[in-house]
Amino acid sequence: MKLSRKLTLSFVLSILVSIFIISIISNIMINRRFENYLVKEREDKFERIHNEINDLYKENYYFNEMDLKHIALAENINLTIKNNNEEIIYSSNNRMGMGKGMMNHHRMMMGRVAPGNYVEKTYPLIDGSNRIGSLIIGYIDNSYLTESALIFKDTLTQSFLISGLFTILIGLIVSIFLSKSLTNPLIDIRNTANEIRQGNLSAQSIVNTNTREIIELSDSINYLGNSLSEQENIRKRYASDISHELRTPLTTLRTHLEAIIDGVWEPTNEHLDILMGEISRLANLVDDLKDSFLQEEFIVNLSKTKFNISEELENIITTFLPIYNKEGYVIHSSIENNIIGNLDKDKFKQIINNLLSNSKRYLNEKGEVSIELKKINKNMVLKIKDNGIGIKKEELHLIFDRFYRVDISRNKTTGGTGLGLPIVKSIVEAHNGKINVKSEYGKGTEFEIIIPLE
C-alpha cells in the first residue's frame, strides 16, 4: 500500500473513531443532564403547586374545586387532599382522564419513549407548626419527556451526526493534502536515491516543503551523492596519478637496463645508483600504498615506549636541514625541553617526516617552515606551519581522504602520492590524539597535532 493512501486511511480512521467516541459520550452526558434538568423542573412545579394549595387550605380548610380541577387538568396531574384522619377531602379524580389523556400522549410517542408508570407523591399540609392534612400528586413518571423535549434531543443527535459528517469531510481533505505534502518530497528523494544507485552521482533532490526532517533527509541524500561523486573523482584521479608515479621509475629502469643490455652504457656505479634510486622510489610507492590500505581498514599497530620527544624532534629536524637548505628553504624551531611521552617512536618519526616532506613539496621561493613543540595539560602540542601555496577552502575538508591530492598539476612535478596525510591522521588517532589544519590559499598551511603523553 502506498504511503499516501496509508496516511489518508489512518487519518480518516482516527477521525471516525474520535468522532464516534466523542459523540457517544457527549450525547449520553447531555441527555442525562437534560433529563435531570426536566425532572428538577417538574419537582419545582410540584413544590409550587403544593405551596399554593397549602396556603389556600390553611386559611379556611376549604377549596374551590374548580380551581383545583383547572390546575389538575392544566398540569395533567391528579390532585388528592386528605385530612389528618386520612379522609379524602378532595380528589380531582383525574386519574382516568390522565390515563386517557396522558396515555394517548404516550401512545403518540411509542417507539420513542416507553410508556411510563403512574406514581404518587405525598406532600404535608402545614399550618404554622401543625400538620393539618396531606396533598397527594399523581403523575406518570416520564411525563417530563414532552414533545418539545424529544424534539430537542432529536435535534441534538442530528447536530452530532451532521457535525461528524462535516468533520469527516474536512478531515479527508486535510489528510489528502497532508499525505501529498509528505509523500511527494519523499517520492522525489526516493527517485534521487535510485538515480544515485544506478550511477548518476550528479542527481540532486529538490523538495518543496517546510518539514524540517524531510529537508534534512533531502540534504543527506544530496550530501551522499556529492560525497560519492567526490570519492569517484578521487579514485579516478588516484588511478591516473599512481599510474604516472609507477610509470616514471619503470620507464627509467627499462631505459637504463636496455641501454646496458645493448652496450650503449657501461654498468658503472653511477648508472647502477640511478637504477637503485628508481627501485627505492618504487619501494616507497608500494609502502605508501600498503600503509594507505591499512589506514583505510583502521589497522595501526603501535609499539609504545617512553622517550624524550623533544630530543627526537630535534634529531628529525637535523636530518631535514640539508634537504631544505639545498632548495634554499629555512626551518625555524621552538621546542620545549625534556617533554617525555609514551608514544610509538617510529610512528612519531613517520608523522614528522610526512609533514615536513609535504611542507617542502609545496613551498615557494624563500620558503620557510616553523616547528613548535610544547606541553599543555599533559598533552603534547605540535605545530608545523609553512608559507607555501596553501590549500583552497573547498578542498580543505578532503585532505585527509584516502588518495586525495590537492593541486594536481604541481603534484605531478613534485612526485607526491597524496597518501601521507591519511596515514598521519590514522597514527595520531591511534594515539588517542587529534589533528587540526588551518590554511589560506596562496599564503600557507598550519597543522596542529595534540597527543596525550600518557
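Rules used throughout
- Residues numbered from 1 in each chain as written.
- Predicted model: local features only at pLDDT ≥ 70, side-chain atom pairs only at ≥ 80, totals over all residues.
- Heavy atoms only, no water.
- Patch = residues over 30% accessible without salt bridge, like charges linked within 9 Å, V, L, I, M, F, W, Y side chains within 5 Å.
- Areas by Shrake-Rupley, 256 points an atom, 1.4 Å probe, with all protein chains shown as cover.
- Salt bridge = Lys/Arg side-chain N within 4 Å of Asp/Glu carboxyl O.
- Helix = DSSP H or I, 4+ residues; strand = E, 2+ residues; numbered from the N terminus.
- Buried < 20%, exposed > 50% of the residue type's maximum accessible area, 1.4 Å probe, protein only.
- Expected span 1.5 Å × (residues − 1).
- Polar contact = N/O pair within 3.5 Å; in protein donor to acceptor, adjacent residues only side chain to side chain.
- Axes fitted to C-alpha atoms, helices over the stretch in contact; angles between N-to-C directions.
- Left-handed = near helix turned anticlockwise from the far one by under 90°.
- Contact = heavy atoms within 4.5 Å.
- Pairing = 2+ DSSP bridges.
- Phe/Tyr/Trp six-rings, centres within 6.5 Å; stacked < 30°, edge-to-face > 60°.
- Lys NZ or Arg CZ within 6 Å of the ring centre and 35° of its normal.

Engineer: Is there a simple way to think about a nonpolar patch on the surface in this case?
Structural biologist: On the surface, a nonpolar cluster with roughly 830 Å² of combined accessible area is contributed by Leu13, Leu16, Val17, Phe20, Ile21, Ile24, Ile25, Ile28 and Met29. Tracing the sequence through the fold places Val17 in helix H1 (residues 3-60). Classification of Val17 by relative accessible area gives partly exposed; the value is 41%.

Engineer: How should helix H8 (residues 345-361) be read in this particular structure?
Structural biologist: An α-helical turn contains 3.6 residues, so a residue and the one three or four places further along point in the same direction. The end-to-end C-alpha separation of H8 is 24 Å, in line with the 24 Å expected for 17 residues at 1.5 Å each. Restricting attention to buried positions, one finds in H8 the residues Phe348, Ile351, Ile352, Asn354, Leu355, Leu356, Asn358 and Ser359. Regarding H8, its N-cap is Asp344, as a side-chain oxygen of that residue lies 3.1 Å from the backbone nitrogen of Asp346 further along.

Engineer: Explanation requested: unusual backbone geometry in the structure shown.
Structural biologist: Where the residue is not glycine, phi is negative for most of them; where a peptide bond is considered, it is trans in most cases. Despite not being glycine, Asn338 has its phi angle at roughly 55°, a positive value. Structurally, Asn338 is set in the loop between strand E6 (330-335) and strand E7 (340-343). In this model, Lys378 sits at a positive phi of 65°, which is unusual for a non-glycine residue. Note that Lys378 resides in the loop between strand E8 (368-376) and strand E9 (379-386).

Engineer: Just to check I follow, could you spell out the packing of helix H7 (residues 309-326) against H8 for this structure?
Structural biologist: Where H7 contacts H8, the axes come no closer than 11 Å and their chain directions differ by 35°. Where H7 crosses over H8, the handedness of that crossing is right-handed. Seen from H7, the contacting residues are Ile309, Glu312, Leu313, Ile316, Phe320, Ile323 and Tyr324; seen from H8, they are Lys345, Phe348, Lys349, Ile352, Asn353, Leu356, Ser357, Ser359 and Lys360.

Engineer: I'm lost on the side chain of Asn358 in this one. Help?
Structural biologist: Among the structural elements, Asn358 can be located in helix H8. Looking at Asn358, its side chain comes within polar contact range of the side chain of Arg361, at 2.8 Å.

Engineer: When you look at the pattern of salt bridges in this model, what are you seeing that I'm missing?
Structural biologist: Here the structure, examined in full by the defined rule, presents nine salt bridges. A salt bridge links Lys383 to Glu448; the shortest N-O distance between them is 3.9 Å. With Lys383 in strand E9 and Glu448 in strand E11 (residues 444-452), this residue pair connects regions lying 65 residues apart in the sequence. With a relative accessible area of 24%, Lys383 lands in the partly exposed category. The closest approach of N and O atoms between Lys425 and Glu429, which form a salt bridge, is 2.6 Å. Taken together, the positions of Lys425 and Glu429, both in helix H10 (residues 420-430) and four residues apart, correspond to about one turn of that helix.

Engineer: What should I look at first to understand the sheet that holds strand E1 (residues 78-82) in this one?
Structural biologist: Adjacent strands of a sheet form backbone hydrogen bonds with each other and so pair up, either parallel or antiparallel. Spatial ordering of the open sheet is given by E2-E1-E4-E3, a layout of four strands whose pairing is antiparallel. Edge strands, defined here as strands with exactly one partner in the open sheet, are strand E2 (88-91) and strand E3 (118-127). The sheet shows a mean angle of 20° between the axes of neighbouring strands, taken without regard to direction. Bridge count for E1 against E2 is three bridges, and the pairing is antiparallel. Directly across from Ile81, in E2, lies its bridge partner Tyr90. Along the sheet, helix H2 (residues 65-75) makes contact with E1 and E2, crossing E1 at roughly 140°.

Engineer: Help me understand the packing of aromatic side chains in this model?
Structural biologist: Working definition: an aromatic ring pair is given by the centre-to-centre distance plus the angle between the planes. Applying the stated criterion to the full structure yields four aromatic pairs. Between Tyr324 and Tyr329, the aromatic rings sit 6.2 Å apart at their centres with planes inclined by 70°, giving edge-to-face as the arrangement. For the pair Tyr324 and Tyr329, one class covers both residues: buried. Aromatic ring contacts, followed pair by pair, group Phe320, Tyr324 and Tyr329 into a single cluster. Over the face of the ring belonging to Tyr441 we find Lys392, whose NZ or CZ atom lies 5.4 Å from the ring centre.

Engineer: Even after reading the chapter, I still don't get the sheet that holds strand E10 (residues 434-440), so can you show me in this structure?
Structural biologist: The five strands lie next to each other as E6-E8-E9-E11-E10, forming an open sheet whose pairing is mixed. The sheet is open, and its two edges are formed by E6 and E10, each paired on a single side. Across the sheet, the axes of successive neighbouring strands diverge by a mean angle of 10°, strand direction being ignored. Summarising the sheet, E10 and E11 pair through seven bridges and their orientation is antiparallel. Note on E11: the bridge partner recorded for Lys438 is Glu446. Of the strands in this sheet, E8, E9 and E11 are in contact with H8, which crosses E9 at around 20°.

Engineer: I'm lost on the environment of Lys375 in this one. Help?
Structural biologist: You can see Lys375 is positioned in strand E8. Among the residues examined, Lys375 registers a relative accessible area of 45% and is labelled partly exposed. Sequence separation of Lys375 and Pro452 is 77 residues, and the distance between their C-alpha atoms is 9.6 Å. In this structure, Lys375 is in contact with Glu336, Ile339 and Leu453, ignoring residues within four places of it in sequence.

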